[in-house]
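Analysis of the macromolecular model
Spelled out, the chains give:
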Amino acid sequence: MDAIILQILNGLDKGSAYALIALGLTLIFGTLGVVNFAHGALFMIGAFCAVTLTKFMTWEVATGEVQKTAWGSEVPVTKPLFESWFGPEVGGALIDWSVPLAILFSIPIMIIIGFVMERGLIKHFYKRPHADQILVTFGLAIVLQEIIKAFYGANPIPTPAPAAFKGSFDFGAMLGFDPNVIIYPYWRMVYFAFAAVVIGAVFAFLQFTTFGMVVRAGMADRETVGLLGINIDKRFTIMFGLAAAVAGLAGVMYAPINSPNYHMGMDFLVLSFVVVVVGGMGSLPGAVAAGFLLGILESFASMNQIKSLLPGIDQIIIYLVAIIILLTRPRGLMGKKGVMED
Amino acid sequence: MLGLNKKDTTLLIIVAALTLLAPFILNPFPTESGLAQFNAGYPDLMQRFVIFGIFAIGFNILFGLTGYLSFGHAAFLGVGSYSAVWMFKLLSMNVIPAIILAVIISGLFAVLIGYVSLRRSGIYFSILTLAFAQMSFNLAYSVLTPITNGETGLQLTLEDPRVLGQSATADGSIPVTNLFGAEMRSTYEMAVGPWAFQFNMGYYLCAIIMLVSFYLAIRIFRSPFGMMLRAIKSNQTRMSYTGLNPRPYTLAAFVISGMYAGLAGGLMASMDPLAGAERMQWTASGEVVLMTILGGAGTLIGPVLGAGFIKYFENIFSKINDNILHGWFAFMPDGLEDFVVTILHPFIGKGWHLTLGILFMLVVIFLPGGLVEGGQRIARLFRGKKSDDKSDEATQSTPAE
């Protein structure tokens, strides 16, 4: 029992990342009908927003004082930029909380990147076949990831979580199991909670606002909404920005879990596509459900008992599920009938 | 000639001349001159030109003719490499059985994957092939380690049986790959004045195999079978309504292109007898997509051009560093020189992929027909508007659409 709970918990954080990326992919596909291979790159850029903010805050500036080393040579004393601006206490706290702060910093950046991408590039590909859309966004993903590589290098950059969230939480003791059986890092809990909030916010936005209603109407029948005198293109562009922001947020918060490197987006992209397909092309709840489902399945498959029964299953479980789903129920778990079913 | 019409014969002869004379053509600069770094006429790179040419020709038979975009073709390349290396380990160092086994095994593998993947089309097909390739890649890294040797990659050792050959040469080293005794790595150097031309046995083997594959591709393009494949691309529903089942045709195209990939993998292992799982990763599949699109999907010569183009610039661009750039722009005033070098820096050396990505995007956006279409447009410009219609017919390779 405890092992099962542990695996479910382990699957949640990866599942959250899959769900967030897949949600953005589905939003873009459902509104604009574009298959965006650059979505993983947006996730990666989000993570690098966190890296940038942390680097900026801890940028060493000379304080003007000089310190003597043990060997008698003089070295200028340096201090992180934010400590010299706000003093050691406030500055130190800000630096410690740089990753959550990067959320605020990344939202406008991601929305702008999303707008520029949609207006500058993807707009011209609505009428072209899906293969062309895949190819051009694939090229864009390469370009984005190489730009990041040129600035930040090829090595992963550790980006720590705030000190308050370091360490683990003894989940088992709370539920009445033996202590130290089910322990779970705090930050992963935060990540899951954060993902749940973001997903909830996106759904609430679509469900309860007039804007969201128009977007949903546009997803159902774009032409009719356009005929009613609503500028649906503009709203879809905003949705693209929103989808980019969701991917970026997923990336920001993921930075402490896995040190960001330039190809993390590609690694997630392949899996997120599989998630979208399993959930059903164009179905938002499907994308979220499939994200968590596959994350949890993956962590179950990496249990030792299962691995000894079926060696290597942890490596292929997601793809295997995708293949089975595609062959037996091509519209995915929650896909609408007739959407991309051939 | 050989069942080809005049246009195709000319094309084949041109390609044959270019590949067979490649050691001369790719070495236009004397070895001592400053431009020698642009020479591509060394065996390793020339082998890669033709091997990736074969890979791209095969990919084009699937993507260019039927329009099915596979994102998992590198899996067949990897399977081909592994089977070839196993042949070297178990049978002998002769490349012929290795290549034959590579083609057969990858063909069988393609039947399996194709049978399942081709039940869907469009983006679903792309994702299914991607999923299969990633599965093979992950398995090669983990569970299949006894066959693939995991992360280290499959290599030859002195303990290998090699029943028809010998486990070790007389001086105790691992024997080299050969074709009935002619070693693949043997190179004849010809020095003409300041130039040095290298003629490599392995390159010529690959080149001849590529010419044969190219010839077969032309035959497929011009055959009724090729016509069926084009019909699938233009309108599959209409094809089914006329009473034809598209499935066997697509499967055949998929298997043929898988066998081409396996052949490329086998040749790769014959030139350098080791095989690693990273050859199967989806970025490797992405590369062949880049080659085909860049050169011109659906055209005969496009994929070969694309493969040569990418491999050439991958090698040459990545060798340029800041010092060389400073040398080139030395004529500028100092400040401007540094500025230009700083601007260009991210695009060269390790940043070559950035250049490739930008180039690829530009081609997809503005030149959907790839380099071939670019060439045709330029040719049309020169010939003037009058012969517009004529030149359309006269171009050696018509896009499949």
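1. Considering the overall build of chain A
- Tallying secondary structure elements over chain A gives 14 helices and four strands in all.
- In terms of overall size, chain A behaves like a compact globule, its C-alpha atoms giving a radius of gyration of 22 Å where 342 residues would be expected to give roughly 20 Å.
- The buried share of chain A, reckoned over its 342 residues, is 48%.

2. Observations concerning unusual backbone geometry
Residues and elements named next belong to chain B.
- At asparagine 149, a position not held by glycine, the phi torsion is positive, near 60 degrees.
- Residue placement: asparagine 149 occurs in the loop between α7 (145-148) and β1 (154-155).
- Notably, arginine 162 is not glycine yet its phi reads approximately 45 degrees, a positive angle.
- In this structure, arginine 162 sits in the loop between β1 and β2 (178-179).
- Looking at arginine 162, the number of C-beta atoms within 10 Å reads 19, which means it is partly exposed.

3. A closer look at the environment of Val192(B)
- Structurally, Val192(B) is set in strand β4 (residues 187-192).
- You can call Val192(B) exposed: it has 10 C-beta atoms within 10 Å.

4. A word on the interface of chain B and chain A
- Taken together, the 34 residues of chain B in the interface contact 30 residues of chain A.
- Sorting the residues of the side of chain B that touches chain A by element identifies α6 (122-141), α12 (282-295) and α16 (352-366) of chain B as the ones contributing at least two each.
- Element by element, the count of residues in the side of chain B that touches chain A is highest for α6(B), at twelve residues.
- Residue composition of the side of chain B that touches chain A, by class: 21 nonpolar, eleven polar and two charged.

5. Considering the packing of helix α4 (residues 74-90) of chain B against helix α11 (residues 246-271) of chain B
All names here are of chain B.
- Packing of α4 against α11 leaves a shortest axis separation of 7 Å and a crossing angle of 45 degrees. One element, α4, and the other, α11, form an angle in the oblique class. Viewed along their axes, α4 and α11 form a crossing whose handedness is right-handed. Across the interface between the two elements, Phe76, Leu77, Gly78, Val79, Gly80, Ser81, Ala84 and Val85 of α4 pack against Gly258, Ala261, Gly262, Leu263, Ala264, Gly265, Gly266, Met268, Ala269 and Ser270 of α11.
- Within the contact of α4 with α11, the residues separate by chemical class into ten nonpolar, eight polar and no charged.

6. Considering the confidence of the model for chain B
Residue and element names in this part refer to chain B.
- Predicted confidence across chain B gives a mean pLDDT of 85, with 96% of residues reaching 70 or more.
- Averaged pLDDT values over the elements of chain B bottom out at 45 in helix α18 (residues 388-394) and peak at 94 in α11.
- Low pLDDT, under 50, characterises residues 387-401; the stretch is placed with 23 contacts to residues that sit more than four places away or in other chains.

7. As for the environment of Gly265(A)
Residues and elements named next belong to chain A.
- For glycine 265, the location among the structural elements is in helix α11 (residues 264-279).
- Overall, the presence of 28 C-beta atoms within 10 Å leaves glycine 265 in the buried class.
- In sequence terms glycine 265 and glutamine 145 are 120 residues apart; their C-alpha atoms lie 8.1 Å from each other.
- Discounting residues that sit within four places of it in the chain, glycine 265 has contacts with Gly40, Ala41, Phe43, Met44, Ala141 and Gln145.

Cut-off values and rules
- Residues numbered from 1 in each chain as written.
- Chains lettered and ligands numbered in written order.
- Predicted model: local features only at pLDDT ≥ 70, side-chain atom pairs only at ≥ 80, totals over all residues.
- Helix = DSSP H or I, 4+ residues; strand = E, 2+ residues; numbered from the N terminus.
- Rg over C-alpha atoms; globule rule 2.2 N^0.38 Å.
- Buried ≥ 20, exposed ≤ 12 C-beta atoms within 10 Å, placed from the backbone.
- Contact = placed C-beta atoms within 7 Å.
- Nonpolar A, V, L, I, M, F, W, Y, C, P; charged D, E, K, R; others polar.
- Axes fitted to C-alpha atoms, helices over the stretch in contact; angles between N-to-C directions.
- Parallel < 35°, antiparallel > 145°, perpendicular 65-115°, else oblique.
- Left-handed = near helix turned anticlockwise from the far one by under 90°.
- pLDDT = per-residue confidence, 0-100.

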